[in-house]
Each structure stands twice: as C-alpha cells, then as structure tokens.
Amino acid sequence: MKSKGIVYLVGAGPGDAGLLTVRGAELLAGADVVISDALVNPELLRLAPAGAEVIVRSQGDGGHPVSQEEIMELLVGRARDGKTVVRLKGGDPYVFGRGGEEAEELATAHIPFEVVPGVTSVTAVPNYAGIPLTHRDLCSSFHVITGHEQSEKGTPSVDWRAVARAPGTKVVLMGVKQIRHITSELIAGGLPAATPAAMIHRGTTGRQRTLVTTVGKLADEVEAQGFNAPAITVIGEVVRLRSKLDWFERRRLFGQRVVVTRTRDQASQLTRLLTGRGAEVLEIPTIRIEAPTNHGPLIESMAGLGEYDWLIFTSPNGVTKFFEYFFKAFDDVRALGMVRLAAVGPATAAKLKELHLRVDAMPEEFVAAKVAKAIGAVENVENLRLLCVRAEVGSPELVSKLEELGGIVDDVACYQTVPETEDRSGTAARMLAGGADWITFTSASTVQNFHARFDLPSLLEKFPALKTASIGPETTKALAALGLSPTIEARSHTLDGLVSAIEHHAVKA
Ligand code: SAH
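This report concerns the structure included in the present document. (Residues numbered from 1 in each chain as written. Predicted model: local features only at pLDDT ≥ 70, side-chain atom pairs only at ≥ 80, totals over all residues. Heavy atoms only, no water.)

Turning next to the site of the ligand. Around the ligand, the structure places 18 residues, and the nearest of them are Val-95, Thr-120, Ser-121, Gly-203 and Ala-231. Here Gly-90 contributes a backbone N or O atom positioned 2.9 Å from a nitrogen atom of the ligand. The backbone of Ala-231 places a nitrogen or oxygen atom 2.7 Å from an oxygen atom of the ligand. In isolation the ligand offers 540 Å² of accessible surface; the protein chains occlude 91% of this area. (Near = heavy atom within 4 Å. Polar contact = N/O pair within 3.5 Å; in protein donor to acceptor, adjacent residues only side chain to side chain. Areas by Shrake-Rupley, 256 points an atom, 1.4 Å probe, with all protein chains shown as cover.)

Below is the structure:
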C-alpha cells in the first residue's frame, strides 16, 4: 500500500536564506516535491534532496507560470500520490500569502497538512532597515495593512482615513503602486504629512534598498527613485531610529554580489564568511569531488603505509578522501604508525586537526618549493619515502622539488574533480542574466572548471564591472593561462585572506 501523502505549508522567511526555521530546513530535506513561490530565496531549494521534484512559481520572470488553481491541483494531486510535499511560501504562510486559503482547501480535500510559521517580512524587513516596529518611548502598537486597494470583488478594502486615526506604527505590504492614493488618504484622515516614512525594497537580501522620507513626500520619492515591488512601507516615529540602528546596510560587503565557485560541500565556509559581512552569495560550483578513475595505486599505498616517512596533503579534499579509504582498510587510527604529516596550508591542516592529528610541517605559502623547504626544515629529506596524496591531476612541481632534495616520492590520486553541470536553484542562470560584482577562485581547478562551463573571458567582456578574486599564486597562474589577471590576489592564501582582500577593495572603492 502506498504511504499517505502530506502537505507542509512552510514559511520560507523574507529573503535572507538564514531566516528559514530549523523545522523548515528539516522538512525540505525530506521532501519528495517542493512547490515554491517567486519571492522565496531560490538558494533554499538546495536543501531539498537531489531527486526531489521542484516547481518554482514565477511572476513573469522567466520561471514556470502556474496559476493558484494549478498550485492547488498540484498540492492535492501529489499528496494523493503518496508524496511528501513542501509548499514554500514567502515570509509567514498566514500573513497575506493565501496560506489560509490553501490550508482550507487541503482540509476540504481531506489531505493531511501541517503549517510551519516563517519569519515574516512584516517585522524582518523593517529590522534589516534599522527600524524596530515598537519602542517604549515612541509607540505601543503597530498595524499591518495590505496596500492592494481593491478586494477581488472590486470594493475598497481598506479605510485609510480610519487607519490614519489609529495610533502606532503602520506597516503597509504590497502598496507600491497605490502609494500616492494611500498617503494622500492618510493625510486626509489626519496623519501629519511630516510623519517619518520609509520604503524598503527586497529587504533582508543583498539587493535591499531603503528610502527614508515623510508621508507627504513618499509618493514623489518612490517615483523619482523608481521603487517597485516587493517593498514594505513603514510609517511612524520609529523610522527615525534607522540613523542609529541600521546594522545591515552598514556591513562591509553589503550590496556586493559574490560568486562562490567551490564544490557544494566546500562552499559553505566561504559562503558563511561572505554573507556574514553582508554580501549576497551565488554558489555556482563547477566541480564535484568523485573517486579517482583508478584507485589501485591508492589501495596499494594503504597496504604499504608503514613504509612512508611522510604523508603530504595538498588539499582538505585530499585529507577527507584519503581517510575515507584509510578507514575502509583499517579500523584503528594507529595503523597510520609514526608517519609524519605535512599540510600545504591552514585549511588542510585544520582538516587533519579535526581527526586529532598533529601537522609536522606546513609551509608559510602553498608553493611547491616552500612545501619542500618546510619538510626539509624538519629533517633531511634524502632517502626518505614520501607519499603525496592529492587530486588526479596535480602539478608535477611538488614531486620534482622533493626528488631534487633526494626524497623517494610516490604520488597517488585519492580523488578527481568532475564538472558540475546542474543548476537546480537557477543560480547560474541568474549570474548569466544579471552578472555579479565578484567571482572568487579558490584553486587553479576552480578557474579551469569555471572557464570550461562559462567561458570566463567572454563573461568578463559581457559584464565589464565583474571583478575576480584569486586566493593565491597557483590560482592566479591559472587565470594568467587564460590571458587574465585577477582584480585582487589574497595576501594570505586562505579563505579569510580572500574575504579580507575583497573587503579592502570594497572599502577603497
Ligand atoms: N507572507 C509574506 C507576505 C506575502 S505578501 C510575509 O509574511 O512576509 C507579499 C508582500 O510582502 C510584498 O508585496 C511586499 O510588500 C512584502 N514583502 C515580502 N518579502 C519582502 C521583502 N524581502 N522585501 C520587501 N517586501 C517584502
């Protein structure tokens, strides 16, 4: 018998992917079908399993045009097929989003459902603009109103003059087109024209724009600055607090759209560093890590592990993959013996540290000669046996430098990188359509693979403002091979160094 389907109406939050609830993330991870609205951050779709069916409802921006009736048919149909359906809705499902109507229809159709609240734009968007909705000294209530002038039956749905008489902060959703009518009615209802007002477009995202003025001037300003939906209007004395409390737009990388080209598994750390400083991140991995084409040499090296004096790791992936094989072959970490360990940089060393392994040598820079020198500083390499554990296509320099010092070197591949081609959340499409401020490259292979997928020189020609950031000399060399030089190269060749370099450039600009 088929298991019974269920629909979860899940609030996706106002835009910032970090504002999805833990419950929402958990349900996405178990979804068979995800049906999402246009305002929902597409990055959240990544939380769904790779095989899930994903339908994104568009608002005329190139996605899949789906009517409300079709949405209901899909929800009911998929649930009847026994599927676990996650219906992602912007903000909170029960705040102006037809969530109530959708839940009612599910109840009528006897489809099991649950509703997960979301962080609503009503509070989150003003917050990210530096505006608390209440404040003990200024007001003790707030009112949330839809700015759609007419109900579906064609009758005016809001008595703005009555709204004007209510004390407290006023938050207007969906009101951009009607703003002249709304503000003139509020003033006619007795609200002083000098009352502070703000409009916030695409709040909580890297594209947030905020306009601060008075109720009397709002409509003209909105027109002059070309504000459009989605936007929220906040009216009241609390708007003045923005000059002190605007924390979001002040972050150093606010407004910078940054492409992260690392593999999905590795991207998160760089993404966190960037979003933590206010950048909008587009994760477009161009490679995936897979087992090496031939793992014979690696298996052989496992069998003879006791004979090596040094294990040399050249990437965090190398560490992860090596130990995956290692623990398949051995059930005790002591099988590693007294071999000494070298890591080419802090990220690789950190991976080893996670396994409670101490690194015996680490060069100050990941350049083949310096790796050899760092090992040479610990002991004379002559006649020692060294195992380089790395990607399938590693540069030959490291091996030859060690051999020059008299070492006996085995070079084995413990993983290979293959091109990533999928674009489920449409992130690559968004970059190709709208460009970005930065592309970050964290290794030579990210350059080569990004180029293979997108033709880097022609992308830079198409978007002349697009800048490139390289983590270090090896990566810069890969750019040079394409006739390019990066806008910046990180001084310290780490993710932190890369982010600092972008920050410095952004602050100078
Ligand atoms: N259920 C949603 C609201 C849906 S109505 C919630 O709880 O947030 C859609 C309206 O919400 C938009 O027209 C706009 O007024 C507002 N809105 C939603 N997200 C927004 C954002 N990131 N920035 C500004 N306004 C937003």
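Text resumes after the structure shown.
With that out of the way, let us pick up the pattern of salt bridges. The full count for this structure, using the stated rule, is 32 salt bridges. As a salt-bridge pair, Arg-46 and Glu-283 come within 3.3 Å of each other at their nearest N and O atoms. Of this pair, Arg-46 sits in the loop between strand S2 (33-36) and strand S3 (53-56) while Glu-283 is found in strand S12 (residues 280-283), placing the two residues 237 residues apart along the sequence. Residue Glu-283 is classed as buried on the basis of its relative accessible area of 13%. A salt bridge links Arg-340 to Glu-379; its shortest N-O distance comes to 2.5 Å. Here Arg-340 is found in strand S15 (residues 340-343), whereas its partner Glu-379 is found in the loop between helix H13 (368-378) and strand S16 (385-391), with 39 residues between them in sequence. (Salt bridge = Lys/Arg side-chain N within 4 Å of Asp/Glu carboxyl O. Helix = DSSP H or I, 4+ residues; strand = E, 2+ residues; numbered from the N terminus. Buried < 20%, exposed > 50% of the residue type's maximum accessible area, 1.4 Å probe, protein only.)

Quick look at the packing of helix H16 (residues 444-454) against helix H18 (residues 473-480) now. The description of two helices packed together rests on the angle between their axes and the distance between the axes. Here H16 crosses H18 at 25°, and the two axes come no closer than 7 Å. In terms of orientation, H16 lies roughly parallel with respect to H18. Contacts between H16 and H18 pair Ala-444, Val-447 and Gln-448 from the former with Glu-474, Thr-475, Ala-478 and Leu-479 from the latter. Partitioning the contact of H16 with H18 into residue classes produces four nonpolar, two polar and one charged. (Axes fitted to C-alpha atoms, helices over the stretch in contact; angles between N-to-C directions. Parallel < 35°, antiparallel > 145°, perpendicular 65-115°, else oblique. Contact = heavy atoms within 4.5 Å. Nonpolar A, V, L, I, M, F, W, Y, C, P; charged D, E, K, R; others polar.)

Any link to function would need more than the numbers given here.
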